[in-house]
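Residue-level structural notes
Chain residues, written in single-letter form:
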Amino acid sequence: MSSKTKNNIVSTIEPPVELDVAAIRADFPILDQKINGHTLVYLDSAASSQKPREVINALLEHYRHNHSNIHRGLHTLAERSTEGYEKTRSHVAQFIGGVPTEEVIFTSGATESLNLLAYAWGDLNVHEGDEIVITEMEHHANIVPWFQLAQRRKAILKTIPITVCGHLDLSNLDTIITPRTKIVALCHMSNVLGTINPVAEIAEAAHKKGAIVVVDAAQSAPHTTIDVRALGADFVAFSSHKMLGPTGVGVLWGRSELLEEMPPFNTGGEMIREVRFDKITWNELPHKFEAGTPNIAGVIAFDAALSYLDKLGMYNIHHHEMEITRYAFERLSELDGLEIQGPQVVEDRGGTISFTDPVIHPHDISTFLDSHGIAIRAGHHCAQPLMRVMGKVATARASCYVYNDKSEIDALVDCLKDMRKYFGV
Amino acid sequence: MSSKTKNNIVSTIEPPVELDVAAIRADFPILDQKINGHTLVYLDSAASSQKPREVINALLEHYRHNHSNIHRGLHTLAERSTEGYEKTRSHVAQFIGGVPTEEVIFTSGATESLNLLAYAWGDLNVHEGDEIVITEMEHHANIVPWFQLAQRRKAILKTIPITVCGHLDLSNLDTIITPRTKIVALCHMSNVLGTINPVAEIAEAAHKKGAIVVVDAAQSAPHTTIDVRALGADFVAFSSHKMLGPTGVGVLWGRSELLEEMPPFNTGGEMIREVRFDKITWNELPHKFEAGTPNIAGVIAFDAALSYLDKLGMYNIHHHEMEITRYAFERLSELDGLEIQGPQVVEDRGGTISFTDPVIHPHDISTFLDSHGIAIRAGHHCAQPLMRVMGKVATARASCYVYNDKSEIDALVDCLKDMRKYFGV
Amino acid sequence: MTSSLDDMYREVILDHYRSPRGRKPLDKANILSDGINPSCGDEITLSAQVNGDIVEDIHVDCKGCAISVASGSMLAEAVKGRSLDEVRQIAQAVRKILKGEEDAKLPEELEDIESLRGVRQFPVRVKCALLAWVTLLEGLDKLEKSQTDNSDTISTEEKD
Amino acid sequence: MTSSLDDMYREVILDHYRSPRGRKPLDKANILSDGINPSCGDEITLSAQVNGDIVEDIHVDCKGCAISVASGSMLAEAVKGRSLDEVRQIAQAVRKILKGEEDAKLPEELEDIESLRGVRQFPVRVKCALLAWVTLLEGLDKLEKSQTDNSDTISTEEKD
Ligand SMILES: Cc1ncc(COP(=O)(O)O)c(C=O)c1O
Ligand SMILES: Cc1ncc(COP(=O)(O)O)c(C=O)c1O
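Since this is a predicted model, take the numbers as computed values, not measurements. (Residues numbered from 1 in each chain as written. Chains lettered and ligands numbered in written order. Predicted model: local features only at pLDDT ≥ 70, side-chain atom pairs only at ≥ 80, totals over all residues. Heavy atoms only, no water.)

Some details on the relation of the copies chain A and chain B
- The transform that puts chain A on chain B rotates by 180° and translates by 0.0 Å along the axis, for an RMSD of 0.0 Å. Taken together, the rotation and translation relating the two chain copies correspond to the operation of a two-fold axis.
- When the interface residues of chain A are mapped onto chain B, 100% of them again fall at the interface, so both copies present the same face. (Least-squares fit on C-alpha atoms with pLDDT ≥ 70 in both. Contact = heavy atoms within 4.5 Å.)

As structure tokens, then:
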């Protein structure tokens, strides 16, 4: 915990502590296996990360000793489960910069967080002719809910374009964000380009025009220090499964003033104060937005994931990934014609590297690599509009995390060379 | 699997096989512990069930060997995860009576399933002046989404009343369900009264008037054989965590004709076919309704829960619980003035027993029992309107499952007797 | 019998529970406040007759568990005859006690109420113990608001 | 090199991939069908010139992986010069082969296409192999519909 606090405050002056990758790898049981006869090289963490023993054990511990439904129960197991669940909430509140606990809402994932917003804040506040601004580099999760909202409310969906280097082009921001803009929704880090966006700068521009700022932190929360207030965000969404935690758990953080005025989204048990057939009143924050039995075990185990990240230190993690990215850039340049998307300067980006071969299709790259134990992703990465802007049908994407090291980049590059021989193109 | 099929077909003529509770208990690690110095007696399965080793191990196995994001991946781990996830879908399809696989939609729980319906089917089909019929014995999850829908669409929410014995009063069904009725939503089994409702009969009446039938099977799916077609349902919702599976997983089953015509609910990755900034097309069923990264591990482990239930046989489980309920009724009658809610005939109900003491409040009952290791629930059980109809503020609720036996009913009754002495009332 | 159970259900609490004070309905009331505990269904109706600055009589009707009934009963006993300021201070002190703030102080003659401290070991039950006091504080706020509200003094009596 | 990789990327598939057939655009076409594989972004545009009952020429433009390109190339080679009925039968047989139905039969001279069987070991890639054939079947359906549709014969050529 202390390392986290330290990083938040003095991150830019203290030198990073190097991650002990060998020790970390020993905490991830899944990495110790052969795939198609080769040691697994997992370079697909941007899609979903692996889980350390601590997280798996927390799930186990919950189901072996403590499981019960939460909040409503007066018995020991219910108290243990409730306490564990609420402990994670406090931890998340601290992890994202020290916000009030009741501003942290658990969802089933970043996608649901963004949908909740589009329905509950959007339908209340967006009217005919209003504008919603997103960017060209968004994941479908941060496009489709806004597209649908725009359709429902007869609003206009606008986009901030990107430059050829894969940065947001802010030169016309003033004409894109206007007094009619109600929402500016953008990713903190692109899941294709790796770009880290200047959220605070854009937030300032948005707030000047009276818009709220929704930050999709699905790719940044796992890899960098997040301080939601410093980002200037009004709402932030992210997923547990990309940051060492279990699947089926997400977070929506929002400023309580905004959350208070919003109607609930999903409704049912837990989120009510009183139900009559003619009148229903809502529970207080955060429960108003958590209808029904949540992913109790998942939320409880998410705490262990956050502790693991705290222990390593987000600043150190980011630095580690910059180092690997730098090395990957160097080694990938040995492959003639291989094209890397997104910023070429590692300081501007995370460790997610999309690339294309001039001839070999990303699917074939992925299948070939997999036959050598190397897991990467290939396709449109749920960012079809970005693909179209980039003029690509698909890309191959290698993404690294705390358990990856440079030797795995070597394995990747060597295998790509073999691949070219294999396909003879 | 074979036992399941057998039970579905010849359940009413073959005698049930008695459950070997001692062997079953050995499969549930959580039961082997002391609470406040006493062996845990878990009688709160209606809130959430415990998990057998097989389910816990499936989670473990997934995270230790197979985890990856699904559907989009071309590598070995992605294939394993996808295969596991889709295997559960097929299993669910079979478990609920053999429906087409694409009619099974995974959600985060019964609550989300019902919300999905209220938004996606409801907003499309319910118009001003239309009627939505629910019953007086619904859980908030099957009230509030319909209440909200009625508000949004200026529709009318009507209720089927209950009799003093805790059955639905169908005497005026003809005037309650009218040609203006669009939706009849009801629970298959009440989470307070234990009542098993004559869903097929009501469904027939509803269909005659052109309404669709939504069945909340959250309490029945864990305890009885479910054949969604035989129930006459158009949609059915239930939760994994109440039927030996992990938290954060639910099912919505729907007839494909209806699902096809519905717009999606949550939107984002996976559920699209093509995304352009000016036009979006949806993926096919069931993916249209599964936006974003789902609870992969949870869904995969849910398969193990279904297998465990298959192995025991739903018919045998129901019979086991009837036996325990019969015994509980007998023993609880030793307590003067103790009032049991719901049907007194065990054939009409499941093993969920709500009761009140003439003097001691359910909270005090629960706290006292807990101090003796006995976990029951106390409160309104997310059914405040039913409480009001029953004239109760709260009830104590003991609910049994496959791992409970009669000796635990003895423990309960003995402890209730001690309680009366303790409070001296 | 575990000791923590006896910690919560102390003899004085059980005594208040078995014979709650303040159960006589009032003819007139100028504080009227309802409280519910949505998570468990406890309901309380609290009415008080204030004369000048003094709470002359109070009626507490609580449908709830031993803890909420006893807490309401202690409240009835504690506030009768006290000034509005004193009452507010006491209610705030009880709230602090139940939230675990050690420095909260009560008048000596109200040491019965101290016995509610045992409830803190049962986090879910803290709400039960709080209900009466929070409802009282809301009633006091309403009274104050209606008194400072120049436009139209709301007579809470009429609500009956 | 694992054997299953070579199972999928058989020499004949790599050959079609390296030099795909049917890449020459047509001047006229009365079948025009687009297909995409949303899960991975493969895109195909297929146009064919049908004269009477015979597919005289076909153009397959596929942006995709080795499997979808090879599959499209095999398709181009296989259907040219055949009757609409034959073409439909072949496309349906390929679909069956890719779905693992053992009894699906292809004309002997089309045994190249049999090499696609290896793709079945890679479930996610089956869609890639299917894309061209499904797009073709859709095109055939459209053509048939426009022909049986008495009201107004849609000339798919005009779509260009
Ligand atoms: C009858 C009934 N319906 C719906 C629900 C809601 O289920 P969940 O909380 O798992 O979404 C419950 C469980 O509490 C229930 O008992
Ligand atoms: C940038 C970005 N936003 C949103 C999401 C959606 O996250 P999830 O699928 O966990 O809901 C993802 C993950 O795929 C992502 O990379």
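From this point, things continue past the structure.
Description of the nonpolar core
- The biggest cluster of nonpolar side chains holds 161 residues, and the ones touching the most others in it are A:Phe238, A:Phe302, A:Val402, B:Phe238 and B:Phe302.
- Those residues in contact with B:Phe302 that lie beyond four places of it in its chain are B:Thr88, B:Val92, B:Phe106, B:Phe238, B:Ser240, B:Met243, B:Gly245, B:Pro246, B:Val249 and B:Val251. (Core = buried A, V, L, I, M, F, W, Y, C linked by side-chain atoms within 4.5 Å. Buried < 20%, exposed > 50% of the residue type's maximum accessible area, 1.4 Å probe, protein only.)

Things to note about the interface of chain B and chain D
- Counting from both sides, the interface comprises seven residues of chain B and, opposite them, five residues of chain D.
- Across the chain B to chain D interface the summed buried area is about 650 Å²; carbon plus sulfur atoms make up 61%.
- A per-residue breakdown of the area chain B buries against chain D is headed by B:Leu74, B:Glu79 and B:Arg273, which together make up 65% of the total.
- Across the contact surface, chain B and chain D share zero salt bridges. (Buried area = accessible area lost by both parts, 1.4 Å probe. Salt bridge = Lys/Arg side-chain N within 4 Å of Asp/Glu carboxyl O.)

Thoughts on the site of ligand 1
- A:Thr293, B:Thr111, B:Asp216, B:Ser239 and B:Lys242 are the nearest of the 13 residues found near ligand 1.
- Per-site note: the chains with residues close to ligand 1 are chains A and B.
- The separation between an oxygen atom of ligand 1 and a polar main-chain atom of B:Ala110 is 3.5 Å.
- Measuring from a nitrogen atom of ligand 1, one finds a side-chain N or O atom of B:Asp216 at 2.5 Å.
- Its free accessible area being 400 Å², ligand 1 has 98% of it covered by the protein chains.
- Applying the majority rule of atoms within 2 Å of the grid points places ligand 1 in the largest cavity.
- Counted by class, the shell around ligand 1 contains three nonpolar, eight polar and two charged residues. (Near = heavy atom within 4 Å. Polar contact = N/O pair within 3.5 Å; in protein donor to acceptor, adjacent residues only side chain to side chain. Areas by Shrake-Rupley, 256 points an atom, 1.4 Å probe, with all protein chains shown as cover. 1 Å grid on protein atoms, 1.4 Å probe; cavity = no way out; pocket = protein on both sides within 12 Å on 5 of 7 lines; lining within 4 Å. Sits in = over half its atoms within 2 Å of the grid points. Nonpolar A, V, L, I, M, F, W, Y, C, P; charged D, E, K, R; others polar.)

Describing the state of the cysteines
- Under the defined criterion, the tally for this structure stands at zero disulfides over all chains.
- In this structure B:Cys165 is a free cysteine whose sulfur lies 16 Å from that of B:Cys187, the closest cysteine sulfur available.
- Of the cysteine sulfurs around C:Cys128, a residue in no disulfide, the closest is that of C:Cys65, at 3.8 Å.
- Relative accessible area serves as the criterion here: at 0%, C:Cys128 is assigned to the buried category. (Disulfide = S-S within 2.5 Å.)

Focus: the site of ligand 2
- Taken together, 13 residues are adjacent to ligand 2, and A:Thr111, A:Asp216, A:Ser239, A:Lys242 and B:Thr293 come closest.
- The side chain of A:Gln219 places a nitrogen or oxygen atom 2.7 Å from an oxygen atom of ligand 2.
- In this structure, B:Thr293 approaches ligand 2 through a side-chain N or O atom, which is 2.6 Å from an oxygen atom.
- Burial of ligand 2 by the protein chains amounts to 98% of its free accessible area of 390 Å².
- Looking at the shell around ligand 2 residue by residue, the class counts come to three nonpolar, eight polar and two charged.

Let's talk about the domain arrangement of chain A
All names here are of chain A.
- Here chain A is described as being made up of domain 1 (3-51 + 313-422) and domain 2 (56-310).
- For domain 1 and domain 2, the distance between their C-alpha centroids amounts to 26 Å.
- Taken together, the contacts link 42 residues of domain 1 with 35 residues of domain 2.
- Between domain 1 and domain 2 we count 22 residue pairs in polar contact (both at pLDDT 80 or more) in total.
- Of all the elements in the fold, those that place two or more residues in the side of domain 1 that touches domain 2 are α1 (2-10), α12 (314-332), β14 (352-356) and α14 (384-390).
- Here the element with the most residues in the side of domain 1 that touches domain 2 is α14; it accounts for six residues. (Domains from an automatic or database assignment. Helix = DSSP H or I, 4+ residues; strand = E, 2+ residues; numbered from the N terminus.)

What to know about the pattern of salt bridges
- In the structure shown here, the tally under the stated rule is 72 salt bridges over all chains.
- In this structure, the salt-bridge partner of A:Arg25 is A:Glu408, at a minimum N-O distance of 3.2 Å. A residue pair is termed long-range when its members are at least 10 positions apart, and A:Arg25 in helix α2 (residues 21-26) and A:Glu408 in helix α15 (residues 406-423) qualify at 383 residues.
- Across the salt bridge formed by D:Arg82 and D:Glu109, the nearest N and O atoms sit 2.9 Å from each other. Of the two residues, D:Arg82 is situated in the loop between α3 (66-79) and α4 (84-98) and D:Glu109 in the loop between α4 and α5 (111-114); the sequence distance between them amounts to 27 residues.
- Owing to a relative accessible area of 13%, D:Arg82 belongs among the buried residues under this scheme.
- For D:Glu109, a relative accessible area of 56% puts it in the exposed group.
- Salt bridges sharing partners connect three or more residues here, namely A:Arg331, A:Glu334, A:Asp410, A:Asp414 and A:Lys417.

A short note on the sheet that holds β14(A)
All names here are of chain A.
- Pairing is antiparallel across the open sheet formed by four strands, whose spatial order is β13-β14-β17-β16. Across the chains shown, the open sheet's two edge strands, defined by having one partner strand only, are β13 (339-340) and β16 (377-379).
- When β13 meets β14, the two strands line up antiparallel, connected through two bridges. Within β14, the position partnered with Glu 339 by the bridge is Thr 356. (Pairing = 2+ DSSP bridges.)

Focus: empty space enclosed by the protein
- Applying the stated criterion across every chain yields a total of 13 cavities of 30 Å³ or more.
- Here the largest cavity is characterised by a volume of approximately 490 Å³.
- Lining the largest cavity are 39 residues; nearest its centre among them are A:Ala291, A:Gly292, A:Thr293, A:Pro294 and B:Thr111.
- Only β4 (104-107) and α5 (110-125) of chain A together with α5 (110-125) of chain B provide two or more residues apiece to the lining of the largest cavity.
- In terms of residues, the lining of the largest cavity owes the most to one element, α5(B), which gives four residues.
- In terms of residue class, the lining of the largest cavity is made up of 16 nonpolar, 17 polar and six charged.
- By volume, the second largest cavity amounts to about 270 Å³.
- Around the second largest cavity sit 22 residues that line it, and A:Ser108, B:Phe106, B:Glu112, B:Ala291 and B:Pro294 are the ones nearest its centre.
- Among the secondary structure elements, those contributing two or more residues to the lining of the second largest cavity are α5 of chain A together with β4 (104-107) and α5 of chain B. (Points joined across faces, edges and corners; volume = space filled by probe spheres on them.)

A closer look at the packing of aromatic side chains
- Per the counting criterion, the structure on display carries 26 aromatic pairs over all chains.
- Where A:Phe368 meets A:Phe423, the ring centres are 6.2 Å apart and the plane angle is 55°; that geometry is what we call tilted. In this pair, A:Phe368 is assigned in helix α13 (residues 362-370) and A:Phe423 in helix α15, connecting sequence segments 55 residues apart. The pair A:Phe368 / A:Phe423 is uniform in exposure class, with both members buried.
- Pairing B:Phe28 with B:Tyr308 gives two aromatic rings, centres 5.7 Å apart and planes at 90°, and the pair type is edge-to-face. With B:Phe28 in the loop between α2 (21-26) and β1 (34-35) and B:Tyr308 in helix α10 (residues 296-312), the pair connects residues that are 280 residues apart, well separated along the chain. Comparing B:Phe28 with B:Tyr308 shows no difference in burial state: the two are buried.
- These aromatic residues form a ring-pair network of at least three members: A:Phe368, A:Tyr422, A:Phe423, D:Tyr9 and D:Tyr17. (Phe/Tyr/Trp six-rings, centres within 6.5 Å; stacked < 30°, edge-to-face > 60°.)

Topic: helix α4 (residues 76-95) of chain A
All names here are of chain A.
- Over its 20 residues, α4 runs 28 Å from end to end, which matches the ideal 28 Å to within 8%, given 1.5 Å per residue.
- Of all 20 residues in α4, 14 are buried, a share of seventy percent or more.
- Directly beyond the C-terminal end of α4, a positive phi value near 120° is found at Gly 97. (Expected span 1.5 Å × (residues − 1).)

Description of the sheet that holds strand β13 (residues 339-340) of chain B
- Ordered by their spatial adjacency, four strands build an open sheet running β13-β14-β17-β16 (chain B), and the pairing between neighbours is antiparallel. Of all strands in the sheet, those with a lone pairing partner are β13 and β16 (377-379) of chain B, marking the two edges.

A few points about the pairing of strand β2 (residues 42-51) of chain C
All names here are of chain C.
- The pairing of strand β1 (residues 31-37) with β2 spans seven bridges and is antiparallel. The partner of Ile 36 across the bridge, within β2, is Glu 43.
- Sheet topology places β2 next to strand β3 (residues 54-63); nine bridges connect them, and they run antiparallel. Opposite Gln 49, over in β3, you have Asp 57 as the bridge partner.
- Linking two consecutive strands that pair antiparallel, namely β2 and β3, is a turn of two residues; a positive phi of about 60° is found at Gly 52 within it.

Section: the environment of D:Cys65
- Tracing the chain through its elements places D:Cys65 in the loop between β3 (54-63) and α3.
- Classification of D:Cys65 by relative accessible area gives buried; the value is 0%.
- Sequence-wise, D:Cys65 and D:Cys40 are 25 residues apart; in three dimensions their C-alpha atoms are separated by 9.6 Å.
- Filtering out sequence-adjacent residues up to four positions away, D:Cys65 remains in contact with A:His361, A:His363, A:Asp364, D:Asp42, D:Arg125 and D:Cys128.

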